[in-house]
Structure formats: structure tokens, C-alpha cells
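Commentary on secondary and tertiary structure
Each chain, letter by letter, is given below.
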Amino acid sequence: MRVSNVKVIKLEDVLEALLDYHPDADVDLVKKAYVYAASKHADQTRYSGEPYIIHPLHVARFVCELKLDEVCVAAALLHDTLEDTQAPFEEIQELFGTPVANIVQGVTKLSSMNYDSREERQAETFRKMLLAMAKDIRVILVKLADRVHNIRTLDHTSEEQQVRVAQETMDIYAPLANRLGLYRVKSELEDGAFRYLHPQEFAALNEQLKIGEKKRQKFLDEVKTTIERELEKVHLKATVFARIKYRYSIFRKMQRQGVTLDEVYDVVAFRVLCNTVEQCWQVLGLIHQLWRPIPGRFRDFISLPKPNGYKSLHTSVIGPGAEQMEIQIRTWTMHEIAERGIAAHWKYKEGNVISPADEEKIRYLKQLIEELMDLNDTLRDSMELYSAIKDGLSFEEIFVFTPRGDVRNLPLDATPLDFAFSIHTEVGIRCTGARVNGIMAPIDHQLKNGDVVTIITSNHQTPSVDWLRVVKSSRAKAKIRGYLRAESKERHQQLGKILLEKELKQFSITLNKIIKNGSLKQRLAAIGLDREEHLFLQVGVGKLEAEDVARKIAEEMGLVKTPDEKPKFKPLGGLLERLSLSGKGKVLVGGQQDVMIRFAKCCNPIRGERIVGFVTRGRGITVHSMECNYVEMMDQERFVDVEWDRQGETGTEVSVKITSKDTPGMLTSISQVFSKFGLNIKQVVVRTGEEKADAVFKVDVNNVSQLKSIVRALSRVKGVLKVERIQS
């Protein structure tokens, strides 16, 4: 059995750390929480063989590093009692107070019962945590502390669990830490997850870094000494730190640029911490006198802070030996915010969670929570919510300004539509264009860092399906889909109302009359509906016949008259009964193969993807991927359950776009990857320009797992910059 390499700590270590920054902390609360947790976990051990209580102690100690209050420290000690012991919520609430109990409940995973898959449980757990986080941000801070220690000790779990936890960390928790300004937490989570998601690349990078370790350390010491000597000459008091960048940061740069470690120009980084903002600018001038600055690589986050409060000066220079290096310059206060993020503004004095002075500083946090809750309210499906939040958190950011100077962070290549929806849903819905830096721009214009955007709206504007191809942010996509869904529903209701009114005229009665005399209400009760709108919707989508509803109401009113024969909408049930053999044999409808199906060209689903069937009158069932943009706009009353037939694996044609460096032999290297998987290349189209090449390969793949393996293999080819599946 392996022994954990994480230092074992005791309660005294936690209390000492707490009192160091919070001398008036309620130590008795923390002690009581420890005693309770220790007794509940008494017979439990971790995968490493250590007593289980070691884990809550480490989480509590990390909470102290974030300098949170005793409520968080107590919650950290208790955070697994609801999930892993028989401790009831009411008991924790009674013993430790509602705030502690709510945080513990917020970080607790849901039971695995009543969920079809681990992924669904994971998504529902995150929804639950999101709701708790909206009430008390300390929930996510404790959860991040828990995740940091889990990543540190992941060695002792199974390979399957390592990959699962690491992927979830990379998808959700590291990006969330980044958005909250907890950069140290974000970097540690990324490095930890990187180790398990790409073990070979992680090991190779470590070996490469070891080879040049002495030379690199000598360079760090030389530059650090030079800066310190020059600071002393001009009597500037500042502290200089030198470091190797985080592993995952280096790996991403190698992948993005298609280069080796030797070709990464800024593996090392330096940081100068000053006492005042004025000194920061003086140090910047000194650095630029020492070494030549690289044009376009200076960023002033002091004058224009990131929305999460991050402030610093970033510059890149040509250092000794023509080596490029990055230098960050900031005050100690700025450094604390960079290390602790939003936690740096969380002060607990006299029962006030946030001091008035910090209200403005955490406005960004409120906006972030509002965005996440907006997605929660818009997206009913938990898996869809999880995916949207994952995409919304992990994007590469640009910073765009309103005319008043308010900053909005948006995904790279965001458009005026994204900007409009970030301001308000109604502004997004009515957006017709924008003025970008005073110049008119269409809704699909790609915004850049520092753009000043004024949105132009019209009361006559409404979203269309095409907008989903324009926007990049999860918020905008969710809002557009929600609007189109509601609009589709409203159209069907209006249609149902018109059809019913028309049929009622055959009996010389009107819709208003049967609403007033109660006849419609009686008919609703007879067919199990509770609202008029539901009836109109059922008629509008063709699930109920307008003629049948009108005739039943007339009979109940004692009005007997045979209406003229008119064309009918066919009920979906009857349609399904008449569907014929498809011949495809890849998808089952209700467990049966003898149903006419076709695959949607808009998304071209692959075996293994989550799919749904849509009943198309006269054309059988169209199978869509659940990720298809058009699924959200379809009438959900006409969806049917479908599943992949496990018998045999017939190929599906997909198009894979590969962006790479335009170098000799690149096309051969890429083609060899497809050959290794035994795939036949049906077509390839290559376009080149600006030292890059875009190649679109058409191949048949057996399932989505094979496609993912191919994408991973292609991503590892030297010189490949980006791999993505596209629609033909």
C-alpha cells in the first residue's frame, strides 16, 4: 500500500493558521466541529489507508490559506459527514448553526440512486451546488479547497476514478477558480488534472524540464540578482520572485503553437512586488531600460483591471542570451487578490459577511452568479446545464467595454450579439447591430480586446436559428434557444386556437362562448388537462384533432350537427403505427428495428452520442444528436425515445478539420494517423495561407469513442494546432 506524500497535519495546525489572520475567531466552534467529524469518521479510512479525518483537516487548513472565517473552517471539517456518515442535516444545523450546515449541504454530492448514469448524477450535483453557491459563495470556496486536496491525493484511487475526477476538475473547478480570481488554486488544479489526463505527456515534459534544470535555475538566479541590484541602485524597495511556469501552462502553449519545449520562449517568469502603484510604474521603466521590451506584449491590468479584480502590469522582454521572459509587476495588495481572488474581499466582522467597502469589488462575482443562475433557470436538462456551464467557464477571455467604461469579459471571437446578451436578455433579443469603436458593425463582427461597443436595437427585431451560429457564449446560446422554444410553443398554441375556433363554427358556437359557459373546462378535465393553453398546444402540434375536440364539446352541449368533411391532421400515434422498415438497422425505436428512420444532416449523429428521434409527418423519424442546435427549437411533443442498436457497428461519415503548420510532410503525418485506425479517407480538401494549413478529411468512423481517440491522436502530431469535427 502506498503512503501519501502529503504532510499530515493536526487540529493545532489549523487553529494556529486561523488565529494568525483572524485573532477573534470562534475557536470553540472549530474544535467542536473537529470532535464531531472525528467521531463520525472514526471507523473510516481513505484509499491511502490513512484515517479519514486527515482529509477534512487538510481541507480546513487550505481554507485557512484562503483566510476564510471560522464558519468555513468548521464546514470544511464537517464537509463529508452528510455524504459519508449517518449524520443528519438537522443535527449539524442544531449543533453548528444554519450557515455551517448550509455550506456542508451545498458541497455534498447527491446519492447515486434514481439516476440513469454517473454523468447525470454529476450534473444534478453541480446544479445543487450552484443553487447553494447563489445563497452563499463560501460553498464554492470550501468545495475548491476539498478538490485541491482530492487532486493532491488522487494517486491512491483507481485509474478510472483518477481520469473521471481529473476531467471534472479540468472542465469545471479549475475554470471556476480562474473566474473567481483564485489563480494559484486554478494552476494547482490544472497541473494535478494534467498529470492524470495526459500521463505520458506529463512525464515527458517533466523529463525535458529536468534536462535543462541547472541551466534554467542559473538563468533565474542571474536575472533575479540583476533586477535586485538595479532596484537597490535607485533605492526602490521591492521583492523579486523567479519561477518556472506551471506544467499545464507550458503544455498548452506547446499544443497551441505546435512547438517543442525548446521552442517555448517563456518557460520562466518573474514577479516584482512593490509597496505602491507608483513604484510599479518605476519598476516597469527600470525593466525596460535593462532589456528591450517585445512590442505588443505589454498589458496594463492596473489601469484596466480584469472584471474579477485582478491588477498587475505584464511585460515581456528580451533578456540575457536573447531569451524571452515575462515579468509581472504588482503591489502586495494586488498580489493578495491575485492569490486569493474573491476570497480577498470576504471579511467577517460583527456578523457582516461583506463590508460596504468591498461591495463594489465583488460586483463581478454577483454578475458571474447571475449568469450561472440564468443558465440554471433557462436550461431544464441537467446534462445540458453542466455542458453549458463548462463551456461558459473555460473560454479564453477578451475584455470589451460599454460606452460608460464598464468592462465585460466574453469568449474569444465573441460578437456584438454576445455582448448584447451579457448586458440584458431583452437587449440581446432586439439587437440589430453595433457601433464598435464608433464604427458600424454587423451582429457577427468578431470583437477584440479593448473594443468599446454600443448596441443598436429595434423593437421589430427577433432572434432566429442562425443566431446560434453567430454567438460564442453559453449565456447567449441559452437565451436564444429559450426564446425560440417559447416562440415555437406560442405559434402552436395560436394555431390550435384557430383550428378549434374553425371547427366549432360547424356547430354555430364560438370559443368565447364555451369558455364562458364552462364547457371547455369540462372537456379539459375529461382529457386530463388543466389549462386552455395546454389544449390549444396539443391541437396545434397535431396530438389532438380539432374536429374531435369540437364534436365532443358540441355533444356535451346537446348540439348535434355533422360538419363538412375536412382534411385532418394525423395523430402521432397513428403515424407511428404506419412507419415502415428503414433498412438502416442502426437505431431502435421503442426497441424495434422495423421503423422508418433517417439521420439529420444538420448534426449527423455518430454511434455512442446521446440521440433523440423527431417524428416527421410522412417521412418517419429523424434522428438528431442531443447536442444539435436545432433540437432546442423543435416541438418536444413530437420527440420519441431512440437508442443505438448494439448489433454491429456500421460506419458513419464525419468531417474532421485539422489546422496545422504548413510544413513539408504534414499531410502524410496526418494521413498516417487515420491509417493506424484502419480508416479509409474518402475525401480531403486542403487550404493554405499565412504559414498555416486547414485540411478537411471525410472518413467513416464506427462510434464516438473511436472519433475521440482519433482526435486525441491527431492533436499529438507535431505541428497540429487544432482538431475539430465539423458538419459537412
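What counts, and at which threshold
Residues numbered from 1 in each chain as written. Predicted model: local features only at pLDDT ≥ 70, side-chain atom pairs only at ≥ 80, totals over all residues. Heavy atoms only, no water. Helix = DSSP H or I, 4+ residues; strand = E, 2+ residues; numbered from the N terminus. Buried < 20%, exposed > 50% of the residue type's maximum accessible area, 1.4 Å probe, protein only. Areas by Shrake-Rupley, 256 points an atom, 1.4 Å probe, with all protein chains shown as cover. Pairing = 2+ DSSP bridges. Salt bridge = Lys/Arg side-chain N within 4 Å of Asp/Glu carboxyl O. Phe/Tyr/Trp six-rings, centres within 6.5 Å; stacked < 30°, edge-to-face > 60°. Lys NZ or Arg CZ within 6 Å of the ring centre and 35° of its normal. Axes fitted to C-alpha atoms, helices over the stretch in contact; angles between N-to-C directions. Parallel < 35°, antiparallel > 145°, perpendicular 65-115°, else oblique. Left-handed = near helix turned anticlockwise from the far one by under 90°. Contact = heavy atoms within 4.5 Å. Nonpolar A, V, L, I, M, F, W, Y, C, P; charged D, E, K, R; others polar. pLDDT = per-residue confidence, 0-100. Core = buried A, V, L, I, M, F, W, Y, C linked by side-chain atoms within 4.5 Å. Arc of directions from axis to C-beta. Patch = residues over 30% accessible without salt bridge, like charges linked within 9 Å, V, L, I, M, F, W, Y side chains within 5 Å.

Some points on the overall build of the protein
In terms of helices and strands, the protein carries 28 helices and 21 strands. Looking at the protein as a whole, 51% of its 728 residues qualify as buried. Element-wise, carbon and sulfur atoms account for 48% of the exposed surface of the protein, whose accessible area totals about 36,400 Å².

Looking at the pairing of strand 5 (residues 313-318)
With five of its six residues buried, strand 5 lies for the most part within the structure. As paired strands, strand 3 (residues 292-293) and strand 5 are joined by two bridges and run antiparallel to one another. Bridging from a neighbouring strand, R292 pairs with I318 of strand 5. Note: strand 5 against strand 6 (residues 324-331), six bridges, orientation antiparallel. Residue H314 lies in a different strand from strand 6, and its bridge partner there is Q328. Counting the residues between successive antiparallel strands, the hairpin from strand 5 to strand 6 contains five residues, one of them, G321, with a positive phi of roughly 70°.

Remarks on the pattern of salt bridges
Pairing is possible between side chains that carry opposite charge, provided their charged atoms lie close to one another. In total, this model carries 22 salt bridges according to the counting rule given. For E91, the salt bridge identified is with K40, shortest N-O distance 3.8 Å. Remark: K40 occurs in helix 2 (residues 27-40) and E91 occurs in helix 6 (residues 89-96); sequence separation between them is 51 residues. On the accessibility criterion, E91 (29% relative accessible area) is partly exposed. Among the residues examined, K40 registers a relative accessible area of 31% and is labelled partly exposed. The partner of R531 in a salt bridge is E533, with the nearest N and O atoms 3.6 Å apart. Taking the relative accessible area as the measure of exposure, E533 reaches 32% and is therefore partly exposed. Look at the salt bridges and you will find they share partners, linking R61, E65 and R184 into a network.

Considerations on the packing of aromatic side chains
The full count for this structure, using the stated rule, is ten aromatic pairs. Seen from their ring centres, F194 and F202 are 5.4 Å apart, and the 80° between their planes marks the pair as edge-to-face. Both residues of the pair, F194 and F202, belong to the buried class. A connected cluster of aromatic rings, assembled from ring pairs, spans F194, F202, Y248 and F251. Just above the ring of F96 sits the side chain of K32; from NZ or CZ to the centre is 5.4 Å.

Structural notes on the packing of helix 27 (residues 666-676) against helix 28 (residues 704-715)
Contact pair helix 27 / helix 28: the axes reach a minimum separation of 10 Å and the direction vectors enclose 150°. In this view, helix 27 runs roughly antiparallel relative to helix 28, as classed from their interaxial angle. Once helix 27 is placed against helix 28, the crossing between them reads as right-handed. Between helix 27 and helix 28, the residues in contact are I670, V673 and F674 and I710, A713 and L714, respectively. The residue makeup of the contact of helix 27 with helix 28, split by class, is six nonpolar, no polar and no charged.

With respect to the environment of V272
Within the fold, V272 resides in strand 2 (residues 268-274). In this structure, the C-alpha to C-alpha distance between V272 and Q328, residues 56 residues apart in sequence, is 6.3 Å. Other than its neighbours up to four places away in sequence, V272 contacts I227, L231, A238, T239, V240, V283, I327, Q328, I329 and R330.

With respect to the confidence of the model for the protein
Mean pLDDT over the protein works out to 80, with 82% of the residues at or above the 70 mark. Looking over the protein, one finds the lowest element-wise mean pLDDT in helix 26 (residues 572-577), namely 37, and the highest in helix 15 (residues 277-290), namely 95. In the model, residues 348-353 has pLDDT below 50 throughout and makes seven contacts with residues more than four positions away in sequence or in other chains.

Comments concerning the sheet that holds strand 10 (residues 439-441)
Spatially, three strands are ordered 10-9-11 in an open sheet, and the strand pairing comes out antiparallel. Each having just a single partner strand, strand 10 and strand 11 (453-457) make up the two edges of the open sheet. The sheet shows a mean angle of 30° between the axes of neighbouring strands, direction not considered. Summarising the sheet, strand 9 (residues 431-436) and strand 10 pair through three bridges and their orientation is antiparallel. In the sheet register, V436 faces strand 10, and the bridge partner there is I439. Each of strand 9 and strand 11 is contacted by helix 19 (residues 416-423), which is oriented at about 85° to strand 11, the strand it contacts most.

Focus: the packing of helix 6 against helix 7 (residues 98-107)
It is the contact of helix 6 with helix 7, at a shortest axis distance of 7 Å, that shows an interaxial angle of 145°. Here F89, I92, Q93 and F96 of helix 6 lie close against helix 7, whose contacting residues are T98, V100, A101, N102, V104 and Q105. A per-class count over the contact of helix 6 with helix 7 returns six nonpolar, four polar and no charged.

Describing the sheet that holds strand 20 (residues 692-701)
The strand order across the open sheet built from four strands is 19-20-18-21, with neighbouring strands paired in antiparallel fashion. Here the strands that pair on one side only, and so sit at the sheet edges, are strand 19 (681-689) and strand 21 (720-726). Neighbouring strand axes in the sheet, compared pairwise and without regard to direction, differ in orientation by 20° on average. The sheet contacts of helix 28 involve strand 18 (652-661), strand 20 and strand 21, and relative to strand 21 the element is tilted by about 160°.

Re the nonpolar core
Counting residues in each nonpolar core, the largest one holds 81 residues, and the members touching the most others are L78, V100, I140, L144 and V185. For L78, the contacting residues outside a window of four places in its chain are A33, Y36, A37, I92, F96, V100 and V104.

Describing helix 25 (residues 546-556)
Here helix 25 has its buried residues at A546, E547, V549, A550, I553 and A554. Buried residues in helix 25, looked at end-on, bunch into an arc of 165°, giving them a common side. Residues of helix 25 that are buried in the fold lie against helix 21 (474-504), helix 22 (511-516), helix 23 (519-526) and helix 24 (532-540). Positive phi shows up at G558, right after helix 25, with a value of about 80°.

A few points about a nonpolar patch on the surface
Where nonpolar side chains cluster on the molecular surface, the patch consists of V277, W281 and F298 and spans about 250 Å² of accessible area. Inspection of the secondary structure assignment puts W281 in helix 15.

Examining helix 14 (residues 247-257)
For helix 14, the full list of buried residues reads Y248, I250, F251, K253 and M254. Tucked inside the fold, the buried residues of helix 14 contact helix 10 (159-179), helix 11 (183-197), helix 12 (199-211) and strand 1 (239-244). Just beyond helix 14, the residue with positive phi is G258, at close to 65°.

Some details on the side chain of Q279
Turning to its location among the elements, Q279 is positioned in helix 15. When its relative accessible area of 17% is taken as the criterion, Q279 is described as buried. With sequence-adjacent residues up to four places away left out, Q279 is seen in contact with L236, K237 and C274.

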